[in-house]
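# Fold and geometry: a report
Spelled out, the chains give:
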Amino acid sequence: MVVYVDILFMVNFLMDLTIVWAAGMLLRLSIKPLRLIAGAALSGVMYIIVLYMPYGGRLIQLAAVILPMTLSVIIAYRPKNIKELVIQVLVCTAVSFAAAGIIFMVMCFKSYGHRDILSGFSYKILVLSSVSVYIAIKLGRDILRKTAGRKEYYDIRLCVDNRSIDIRALADSGNSLRDELGGNEIIIAECDTLKPLFPPDFEFTDDAVGMFSVLSATSFKTRIRLIPFKSLGNPNGLMLGLKADLAEMKGHEARNNIIIGIYCGRLDAGGRFNAIINNDTYL
């Protein structure tokens, strides 16, 4: 049997990328694409190295399998302590078992009537299985939300320059706003709620460019952003954004990749929430 190293690397890279991503989604961790890719790439290289290592007993082989995934998790999510690391690795292992089960099932169906189950193996099955896991988790989560018919709210504390405010945000599946250049998540918040973060004499208006010019002369000049957006009736809009130092929510990892989008109006007439986040921000 001929094994091509480049194909083996790509298969392991894709599978590890899917597994570690799925674990992050399930644990609601902060997912950073570049770190995820770097972790999966290192894991793919280590799997190839392990393949050429001489057999050294079951324990050594088990360690050789777990180590690449552990390093991938460390690079992708930077767990704060051993407990977090163990939980993340265990969830990755559970997801990998689920993916392996899908692959084995497909192989059994494909090799039906043959004695050798391995005759049903192909790299195409591996790729399709990883894609299936991604789609199942991504779409399944939204379907469950719609079936339950409930809205999710998050109480979040935003910290900017030693000042902080508390907001209540609605997780909105229709909000796809994101800082594509900086890789930051965007939380849209009402300007009235954000006033304690700004100078007392600062006036909020619908003119994002004008507010940008005013804040450029203050200590906020390194924090402010102009965020392009599209909405019904406004295909080329601009929103003023402010880079937060930290966004904290109980039960979730604190985030430092948040930009606060300033909305000069009311987001909910009933006052149930004063901010909007994307479904993926804390999931």
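The structure displayed is predicted, hence computed values, not measured ones.

### Digging into the overall build of the chain
Summing up its helical and strand segments, the chain has seven helices and nine strands in all. Split into buried and exposed, the 283 residues of the chain put 42% on the buried side. Looking at the chain as shown, the accessible area adds up to about 16300 Å², and 63% of this sits on carbon and sulfur atoms.

### With respect to unusual backbone geometry
Excluding glycine, residues mostly have negative phi values, and the peptide bonds linking residues are mostly trans. In this structure, D161 takes a positive phi of about 55° despite not being glycine. When you line up the elements, D161 lands in the loop between β1 (153–160) and β2 (163–172). Judged by relative accessible area, which is 32%, D161 ranks as partly exposed. One non-glycine residue with positive phi stands out, namely N162, at about 65°. Structurally, N162 is set in the loop between β1 and β2. Take N162: its relative accessible area is 81%, and that puts it in the exposed class.

### A word on the pairing of strand β8 (residues 258–263)
The element β8 is extensively covered by neighbouring structure, given that five of its six residues are classed as buried. Relative to β8, strand β4 (residues 184–190) runs parallel, the two being bridged by six bridges. Residue pairing in the sheet places I186 in a bridge with I259 of β8.

### Digging into the packing of aromatic side chains
This structure, assessed with the given rule, holds five aromatic pairs. Judged by centre distance (5.4 Å) and plane angle (15°), the ring pair of F198 and F202 falls under stacked. Considered together, F198 and F202 belong to a single accessibility category, that of buried residues. Through a chain of ring-to-ring contacts, the aromatic side chains of F198, F202, F204 and F220 assemble into a single cluster.

### Some words on the side chain of K243
By the element assignment, K243 lies in strand β6 (residues 234–243). Look at K243: it is buried, it has no salt bridge, and the nearest opposite charge is D245 at 6.6 Å. Of note is the side chain of K243, whose polar atom sits 2.7 Å from the backbone oxygen of N256. In this structure, K243 is in contact with V160, N184, R223, R225, N256, N257, I258 and I259, ignoring residues within four places of it in sequence.

### Observations regarding helix α7 (residues 208–215)
Buried within α7 are the following residues: A208, M211 and L215. Each buried residue of α7 sits inside an arc of 65° when the element is viewed along its axis, so together they form one side. Structurally, the start of α7 carries an N-cap: the backbone nitrogen of V209 is 3.3 Å from a side-chain oxygen of D207.

### Comments concerning the pattern of salt bridges
Tallying each qualifying case throughout the model produces seven salt bridges. D161 is the partner of R163 in a salt bridge, and the nearest nitrogen-oxygen pair spans 3.7 Å. Across the pair K195 and D192 runs a salt bridge whose closest N-O atoms are separated by 3.7 Å. Taking relative accessible area as the criterion, K195 reaches 47% and is therefore assigned partly exposed.

### Things to note about the environment of R223
Among the structural elements, R223 can be located in the loop between α7 and β5 (224–231). On the basis of relative accessibility, which here comes to 14%, the residue R223 falls in the buried class. Considered as a pair, R223 and K243 are 20 residues apart in the sequence and their alpha carbons are 4.9 Å apart. When neighbours within four sequence positions are excluded, R223 is seen to be in contact with V160, D161, G241, L242, K243, A244 and D245. A polar atom in the side chain of R223 sits 2.9 Å from the side chain of D245.

Reading the values: the criteria
- Residues numbered from 1 in each chain as written.
- Predicted model: local features only at pLDDT ≥ 70, side-chain atom pairs only at ≥ 80, totals over all residues.
- Heavy atoms only, no water.
- Helix = DSSP H or I, 4+ residues; strand = E, 2+ residues; numbered from the N terminus.
- Buried < 20%, exposed > 50% of the residue type's maximum accessible area, 1.4 Å probe, protein only.
- Areas by Shrake-Rupley, 256 points an atom, 1.4 Å probe, with all protein chains shown as cover.
- Pairing = 2+ DSSP bridges.
- Phe/Tyr/Trp six-rings, centres within 6.5 Å; stacked < 30°, edge-to-face > 60°.
- Lys, Arg positive; Asp, Glu negative; His and termini not counted.
- Salt bridge = Lys/Arg side-chain N within 4 Å of Asp/Glu carboxyl O.
- Polar contact = N/O pair within 3.5 Å; in protein donor to acceptor, adjacent residues only side chain to side chain.
- Contact = heavy atoms within 4.5 Å.
- Arc of directions from axis to C-beta.

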